[in-house]
Amino acid sequence: MQLSFNLENIKYLKLKYKEGGRVKNIQLALKEKQENNFIAVIDADKVSYTETPQQIAIDFITTDGLYSTETTLKEVKKDDEYAYFVIGNPTSLDYQQNREYYRVISKNDCIYTVDKGGSVESYDTVTYDISAGGVSIIMEEIAISQEETSIVIFTPGRDIKSHLNFVRCEIFDKDKYKLSFEFTDLSDVDYEILHKLCLEQQLHDL
């Protein structure tokens, strides 16, 4: 599929690249398109040293589906607030439908682990809803941190593991909260398992 950007249709970008020798997945906003590049932006504190140039995988999540490609991360610039990713315009895109974001109500046992300033605590709890992009869990306290958090979700046949980025907190019920997260380093195998689980659940609910 030929490359064509309509900025109004792009919700956000999902980037897979290497940072400090580790494969990292992040979500960015599209800031602007230039003749040979486009600029994507994220909070500066979510990015450390990034080697450039490097080959990256990138998804464009749009209102009509998900488009994937590979291109070059040319440069990363930072100021006090934001990190700006200078990305070379790819020559083609593969359309993958809106497959990533089936979000379904799904109660699964899980272990949520959070670093509270050097003190690591784990919580046995349950998921409320889940997709291949993230998860919501039910907690009796607001246990969040800017440090490392992770989750293990028990699904039939496999334990799904990922680190997390905090998204939001909502009051769920009396003395309970729904904490929502996005996955940051979900493996390809776990991604496919969650995608299949969510798709099957959605079809069952129709």
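Before any of the text, the structure's been laid out above.
In this text, all values refer to a predicted model and were calculated from it rather than measured experimentally. (Residues numbered from 1 in each chain as written. Predicted model: local features only at pLDDT ≥ 70, side-chain atom pairs only at ≥ 80, totals over all residues. Heavy atoms only, no water.)

**Q** Outline unusual backbone geometry, supporting the account with residue identities and numerical values.
**A** Of note, the bond from Thr52 into Pro53 is cis; its omega dihedral lies within 30 degrees of zero at -5 degrees. By the secondary structure assignment, Pro53 is in the loop between β3 (37-43) and β4 (54-62). (Helix = DSSP H or I, 4+ residues; strand = E, 2+ residues; numbered from the N terminus.)

**Q** Now, about the layout of surface pockets: what can you tell me, with residues and values included?
**A** In this structure, the largest pocket occupies an estimated 810 Å³ of space. If you trace the largest pocket, you find 28 residues lining it, with Lys24, Lys46, Leu164, Asn165 and Thr184 closest to the centre. Counting only elements with at least two residues in the lining of the largest pocket, the list comes to β2 (22-33), β3 and β13 (158-173). Per element, the largest residue contribution to the lining of the largest pocket is seven residues, and it comes from β2. (1 Å grid on protein atoms, 1.4 Å probe; cavity = no way out; pocket = protein on both sides within 12 Å on 5 of 7 lines; lining within 4 Å. Points joined across faces, edges and corners; volume = space filled by probe spheres on them.)

**Q** Report on the side chain of Thr155, specifying residues and quantitative values.
**A** Assignment of secondary structure puts Thr155 in strand β12 (residues 149-155). Beyond its immediate chain neighbours, meaning those up to four positions away, Thr155 contacts Asn108, Ile160, Ile193 and Leu197. (Contact = heavy atoms within 4.5 Å.)

**Q** Account for the environment of Ile26, with residues named and values stated.
**A** For Ile26, the position within the fold is in strand β2. Residue classification places Ile26 among the buried residues on the basis of a relative accessible area of 5%. With 159 residues separating them along the chain, Ile26 and Asp185 place their C-alpha atoms 8.7 Å apart. In contact with Ile26, other than residues within four places in its own chain, are Leu13, Lys14, Leu15, Tyr17, Ile42 and Phe85. (Buried < 20%, exposed > 50% of the residue type's maximum accessible area, 1.4 Å probe, protein only.)

**Q** Which residues make up the environment of Asp80, and what are the values?
**A** With respect to the helices, strands and loops of the structure, Asp80 is situated in the loop between β5 (65-78) and β6 (82-88). Looking at Asp80, the relative accessible area reads 82%, which means it is exposed. Distance in space between the C-alpha atoms of Asp80 and Asp45 is 8.8 Å, their sequence separation being 35 residues.

**Q** Got a sec to walk through the nonpolar core? Specific residues and values, please.
**A** Formed by 22 residues in total, the largest nonpolar core has its most connected members in Tyr112, Val135, Ile137, Ile151, Ile153 and Phe183. Taken together, the elements giving at least two residues each to this core come down to β9 (109-116), β10 (119-130), β11 (134-139), β12, β13, β14 (176-183) and α1 (188-205). Of all hydrophobic cores here, the second largest spans 19 residues; its members include Leu13, Phe38, Ile58 and Phe60. (Core = buried A, V, L, I, M, F, W, Y, C linked by side-chain atoms within 4.5 Å.)

**Q** I'd love a proper account of a nonpolar patch on the surface, names of residues and values included.
**A** A contiguous nonpolar surface patch, about 240 Å² in accessible area, is contributed by Ile142, Ile144 and Phe166. Following the sequence through the fold, Ile142 ends up in the loop between β11 and β12. (Patch = residues over 30% accessible without salt bridge, like charges linked within 9 Å, V, L, I, M, F, W, Y side chains within 5 Å. Areas by Shrake-Rupley, 256 points an atom, 1.4 Å probe, with all protein chains shown as cover. Salt bridge = Lys/Arg side-chain N within 4 Å of Asp/Glu carboxyl O.)

**Q** Hey, could you go over the environment of Lys46 for me, with residue numbers and the actual values?
**A** On the secondary structure map, Lys46 appears in the loop between β3 and β4. Taking the C-alpha atoms as reference points, Lys46 and Asn165, 119 residues apart in sequence, are found 9.6 Å from one another.

**Q** Account for the side chain of Lys178, with residues named and values stated.
**A** Within the element layout of this structure, Lys178 appears in strand β14. When sequence neighbours within four positions are dropped, the list of residues in contact with Lys178 reads Tyr128, Asp129, Ser136, Ile137, Ile138, Arg168, Cys169, Glu170 and Phe172.

**Q** If you had to explain the packing of aromatic side chains to someone new, which residues and values would you point to?
**A** Scanning all chains against the criterion turns up seven aromatic pairs. Taking 5.2 Å as the distance between ring centres and 40 degrees as the angle between the ring planes, the aromatic pair formed by Tyr112 and Phe181 counts as tilted. Here Phe181 lies in strand β14 and Tyr112 lies in strand β9, a separation of 69 residues in the sequence. As far as the burial class goes, Tyr112 and Phe181 line up, both buried. Judged by centre distance (5.9 Å) and plane angle (65 degrees), the ring pair of Phe166 and Phe181 falls under edge-to-face. Within this pair, whereas Phe166 is found in strand β13, its partner Phe181 is found in strand β14, the two being separated by 15 residues in sequence. The class for Phe166 is partly exposed, based on a relative accessible area of 33%. (Phe/Tyr/Trp six-rings, centres within 6.5 Å; stacked < 30°, edge-to-face > 60°.)

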